[in-house]
Amino acid sequence: MSYLKNLERFNTHSMSEDVVLSISTGRDELIATISKIINDNLFEPGNMQHIVLTGPRGMGKSFLLRYFQVITKNRNNRDSFIDFALLPEEQHNINLPSRFIDELLNVQKKTLNKSAIWNNADENWGSSLNKLTDKINEGVKKYKNYLFIAGVENLDILINNVFSSDIEQSRLRQLLSETKHFMLLGSSKKCDIDTDYNKRLFFSFQKYSLEPWTEEDYTEYFNRRYELIKMEKPDEFDKRDIRLLRNKLKAISKFTGGSPRMAVVLTNLLFDEDAVSTAQTLNNIVEDLSPYYQDLIEKMPKKSKILFDALVRSEENISQSKLAELVGAKQADISQAFKWLLGNNYITGHKNKGEKFYRYSVADRVFVLFYYKRFMYQGLEFSHIKILSEFLISFYDSRELSLYALRYLRGKNQAEGIEFARLVFDKEKMRYDSINWQNKEDVKNTLNRLVNSKAGLNKVVDVDIVKHYNEEFERNIEPHLKALERYKKEKNITGQTKELKQIGLNYTKLQQFKKAIEYYKQALELRVKEGNI
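Residue numbers restart at each chain and count upward from 1, following the sequence in its written direction. Whole-chain, interface and lining totals are the exception, using all residues; otherwise, since this is a predicted model, local features are given only for residues with pLDDT of at least 70 and side-chain atom pairs are given and counted only at 80 or more. As a rule here, side-chain values come from all non-hydrogen atoms in the structure, and water together with hydrogens is ignored.

Caption draft 1: The arrangement of a nonpolar patch on the surface in detail. Patches draw on residues past 30% relative accessible area with no salt bridge. Two like charges within 9 Å are joined, as are two nonpolar side chains (Val, Leu, Ile, Met, Phe, Trp, Tyr) within 5 Å. Each accessible area is a Shrake-Rupley estimate made with a 1.4 Å probe; only the visible protein chains count as cover when residues are assessed. A carboxyl oxygen of Asp or Glu within 4 Å of a side-chain nitrogen of Lys or Arg is what we treat as a salt bridge. On the surface, Ile-306, Leu-326 and Val-327 cluster together into a nonpolar patch covering about 220 Å² of accessible area. Only DSSP runs of H or I reaching four residues or more are called helices, and only runs of E reaching two or more are called strands; each is numbered from the N terminus. You can see Leu-326 is positioned in helix 16 (residues 320-326).

Here you go:
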């Protein structure tokens, strides 16, 4: 599907405008608040308001910036106009305050800046600011209402690298407070970028924290994705399929911890049904962000690092008192280290219905996958799906897991086949310590699976029989189709009815229920026509 590639990696800059508008989910109240502030700045440009969206990676900050870029463009008209200059996510070419303004103008004009400045002395701030002012004045003269919005991802990093000194922060403060018709809409992983009373940027921004998605948000996102698929492939799913897929949304909601980025990737399982490629996509995201997560770990105080490690290894969703118990301490002893993790957005808490205490998990779900891979499964035989094992057990039933195991064991992805076989045994709470997992043939010959929806897994099935199980029914269909054509030519209603029922029966055993129903329906219509019912 043409839109899935960009959705998988959540590359918001390369998403089409239609897709951005189609999948916008779960932020209606926040979008309304920010839209009002943009309108205030556009129509009453006196005291300009500037906004920073805060939250851990994967919460949709970049997507919201892209969303506002799209909707402001679509609302432009002959009287009111918004220039939205959205900077690239990484801004390594911006090393001076003047370069920040220059890059905003280049993005607005859709031109590429190929120059670089070696000298750290910023001698061009005044001229760059004048260029921006000239651009704004042009807009003010041309339109009754005009606004220039600077969209800046990772604003905390930009401030730290480019606006760290008092002089540099004074220049940014000047830009924000004295430049009418100019607004900064940024994002930051940290919420303390302007909380230092001794810094020049003290309280320069209105900050809005992005909350995790709820199960309702996931459902809305799923529905929007489904509508996109229907436009491209209207016959892809029937109503029964969609009902079953929606039932699996709870597993996604629970596993992702409210992360929109993770929801984007895992929702592909609902539509593409390819667990290995989905796991590989997550693995690629982990690899891309490895330097970032290594840096996060290095920044943790020693005691906080101990708590973080214990939380991940416990599989999370536990109380602070339980976490203290796991590390052999009292709750009061870990309070400061725990507070640091909470205050710096490493962990997040929620209350279950009927409980008086909070349960805590890691806020960034990709961070958890990174930790699994680098610190828990390091040196062990590693499969991409290992990092998804807990999720897959709750997402698939035993038969689905078994089918995956058999598919990969018969193909090239042997490691994935072994992992799915383990998941089948884990889900059914069966012992498999007697199996030699290194011997793939041994696994094949002892793998328990659901032969059909009524069979249990406590019966050992010869995989050679299983291997040919579906093939046998597929072969059986062909002669019945030929017989059906012969009876049609002979106008033999009884013969046609018999063959239609046999074809339907074989499709039922293959669990291709939609086709089975079609043939059963034809058989029923013929029986009615013949007067046998």
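Caption draft 2: Here's a closer look at unusual backbone geometry. Phi is positive for Phe-203, close to 55 degrees, though the residue is something other than glycine. Residue position: Phe-203 is located in the loop between strand 4 (182-188) and strand 5 (206-209). Located in the positive-phi region is Lys-491, a residue other than glycine, with phi close to 55 degrees. Looking at the element boundaries, Lys-491 is found in the loop between helix 23 (463-490) and helix 24 (493-509). Any residue under 20% of the maximum accessible area for its type is buried, any over 50% is exposed, and the rest in between are partly exposed; the area is computed with a 1.4 Å probe on protein chains only. Relative accessible area serves as the criterion here: at 71%, Lys-491 is assigned to the exposed category.

Caption draft 3: Layout of the pattern of salt bridges. One pass over the structure, following the stated rule, counts 13 salt bridges. Note that Asp-83 and Lys-135 form a salt bridge whose closest N and O atoms lie 3.6 Å from each other. Of this pair, Asp-83 sits in strand 2 (residues 80-86) while Lys-135 sits in helix 6 (residues 125-142), and the two are 52 residues apart along the sequence. Take Asp-83: its relative accessible area is 9%, and that puts it in the buried class. Measuring nitrogen to oxygen at the nearest pair gives 3.0 Å for the salt bridge that ties Arg-224 to Glu-220. With a gap of 4 residues between them, Arg-224 and Glu-220 both fall in helix 9 (residues 215-232), about one helical turn apart. Judged by relative accessible area, which is 28%, Arg-224 ranks as partly exposed.

Caption draft 4: Quick peek at the packing of helix 13 (residues 275-288) against helix 18 (residues 365-376). Axis angles are defined between N-to-C directions and span 0 to 180 degrees, where every axis is a line fitted to C-alpha atoms and, for a helix, only to the segment in contact. Close contact between helix 13 and helix 18 brings their axes to 9 Å; oriented N to C, the two are set at 85 degrees. When the axes of helix 13 and helix 18 are compared, the pair comes out roughly perpendicular. Here helix 13 contributes Leu-282, Asn-283, Ile-285, Val-286 and Glu-287 to the contact with helix 18, which in turn contributes Val-366, Leu-369, Phe-370, Lys-373 and Arg-374. Three classes are used: nonpolar for Ala, Val, Leu, Ile, Met, Phe, Trp, Tyr, Cys and Pro, charged for Asp, Glu, Lys and Arg, and polar for all others, with Gly counted as polar. Split by residue class, the contact of helix 13 with helix 18 holds 6 nonpolar, 1 polar and 3 charged. Between 65 and 115 degrees an angle is taken as roughly perpendicular, under 35 as roughly parallel, over 145 as roughly antiparallel, and anywhere else as oblique. Here, two residues are considered to be in contact whenever any of their heavy atoms come within 4.5 Å of each other.

Caption draft 5: Here's a closer look at the nonpolar core. Buried Ala, Val, Leu, Ile, Met, Phe, Trp, Tyr and Cys residues form a nonpolar core when they are joined through side-chain atoms within 4.5 Å. Counting residues in each nonpolar core, the largest one holds 97 residues, and the members touching the most others are Phe-68, Phe-308, Phe-367, Phe-391, Leu-392 and Phe-420. The element that contributes the greatest number of residues to this core is helix 12 (residues 260-272), accounting for 8 residues. Grouped together as the second largest cluster of nonpolar side chains are 30 residues, Trp-125, Leu-158, Val-162 and Phe-205 included.

Caption draft 6: View of the sheet that holds strand 1 (residues 51-54). A pair of strands counts as paired when DSSP detects no fewer than two bridges linking them. With respect to topology, 5 strands assemble into an open sheet ordered 2-3-4-1-5, the strand pairing being parallel. Looking along the sheet, the strands with just one partner apiece sit at the ends: strand 2 and strand 5. Each adjacent strand pair in this sheet contributes to an overall mean axis angle of 20 degrees, direction not counted. Of the strands in this sheet, strand 2, strand 3 (145-152) and strand 4 touch helix 6, which is tilted by about 140 degrees from strand 3.

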